[in-house]
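# Residue-level structural notes
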Amino acid sequence: MEEEEEEQQQQGGQGWLQQQLQRSRQEHQQGQGDHRNHQTMKKIIFYEFMPTKMREDYCKMNNIRPNRKWLKEMRDMDPPPQTDPDNPWRIRKALTAIEVAMKKIIVTEKQAVDHIFRYWSFEMANHAFLGRDAFRELVIWDVTALPVGEPVKVCSASTFFRKAPTSGNYSLGLGDLVERRGLGPLDEVGLYWEPTQSAFFFKLLRRHNNPAATLLLRGSAH
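Reference entry: report on the structure contained in this document. For clarity, every value in this text was computed on a predicted model and none was experimentally measured.

### Let's talk about unusual backbone geometry
Located in the positive-phi region is E137, a residue other than glycine, with phi close to 60°. Relative to the elements of secondary structure, E137 occurs in the loop between α6 (122-129) and β5 (140-142). In this structure, L186 takes a positive phi of about 75° despite not being glycine. Tracing the sequence through the fold places L186 in the loop between α7 (177-181) and β9 (188-194).

Right, here's the structure in full:
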């Protein structure tokens, strides 16, 4: 049984992903989901108003801009949060015109720490928090068509996650999702990081009254 599952995973494919989503749903309902193991540690922002000499030397050595905020990791004393498989969208927002034009979603610092970094290793989360090179070719699963249609895997050089140099927010590059879904300003989308798949899951939740985008979406379906 394990060999068959490993072969399916190696082959990949949208059918395999749907099986994994169904399994995650069943495990959640039974209270046996493996994803609980990913939720025992959390990241917090530590404010350092008077940096030590050691910290200043570390910044110089690693060519990092002096920062009063640092990311720390600690064990969560509260019960781990449970993700509802029927409504897993931890990050929900109406797209702005700039996000549509730039083909990316802006994620606030709090959203990143609470809903993304929590499931990443500390090394990976700290890399993003310090504003180092962007993570590129991340996998985004577009599950807008479920349960009728198939999920679509989006992965390219333009599916990235990086920190903005000034605002402290983060941006997730959407690749060709803007054209594929005909996204427009004020369309409501949902997003979350799925630790069992090491990927972002994306869904168009509600389309704003945008006739041009609706025609584009219908045309791409043919």
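### Structural notes on the nonpolar core
Grouped together as the largest cluster of nonpolar side chains are 34 residues, with contacts concentrated most on F117, W120, F161 and F200. Those elements that place two or more of their residues in this core are β4 (104-107), α5 (109-115), α6, β6 (152-154), β8 (170-173), α7, β9 and β10 (199-206). Those residues in contact with W120, other than ones at most four positions away along the chain, are K43, A125, A128, F135, F161, W193 and F200. Listed in part, the 7 residues of the second largest apolar core include W89, V139, Y192 and F201.

### A short note on the sheet that holds β5
Taken in spatial order, the 5 strands make up an open sheet running β3-β9-β10-β5-β6, and their pairing is mixed. Looking at which strands have only one partner, the edges of the open sheet turn out to be β3 (91-94) and β6. Here the strands of the sheet are splayed against their neighbours by 25° on average, with no regard to which way each runs. With 7 bridges connecting them, β9 and β10 associate as antiparallel partners. Following the sheet pairing, G190 is matched in β10 by K203.

### Re the pattern of salt bridges
The final tally for this structure, using the stated rule, is 9 salt bridges. A salt bridge links E73 to K43, with the shortest nitrogen-to-oxygen separation between them at 3.4 Å. Taken as a pair, E73 in strand β2 (residues 69-75) and K43 in strand β1 (residues 41-47) lie far apart in primary sequence, 30 residues in all. Since its relative accessible area comes to 36%, E73 is described here as partly exposed. For K43, a relative accessible area of 4% corresponds to the buried category.

### What to know about the side chain of R181
Turning to its location among the elements, R181 is positioned in helix α7. Within polar-contact distance, the side chain of R181 engages the side chain of D142 at 2.7 Å.

Cut-offs applied
Residues numbered from 1 in each chain as written. Predicted model: local features only at pLDDT ≥ 70, side-chain atom pairs only at ≥ 80, totals over all residues. Heavy atoms only, no water. Helix = DSSP H or I, 4+ residues; strand = E, 2+ residues; numbered from the N terminus. Core = buried A, V, L, I, M, F, W, Y, C linked by side-chain atoms within 4.5 Å. Buried < 20%, exposed > 50% of the residue type's maximum accessible area, 1.4 Å probe, protein only. Contact = heavy atoms within 4.5 Å. Pairing = 2+ DSSP bridges. Axes fitted to C-alpha atoms, helices over the stretch in contact; angles between N-to-C directions. Salt bridge = Lys/Arg side-chain N within 4 Å of Asp/Glu carboxyl O. Polar contact = N/O pair within 3.5 Å; in protein donor to acceptor, adjacent residues only side chain to side chain.

Scope: geometric values only; no functional claims are made or implied.
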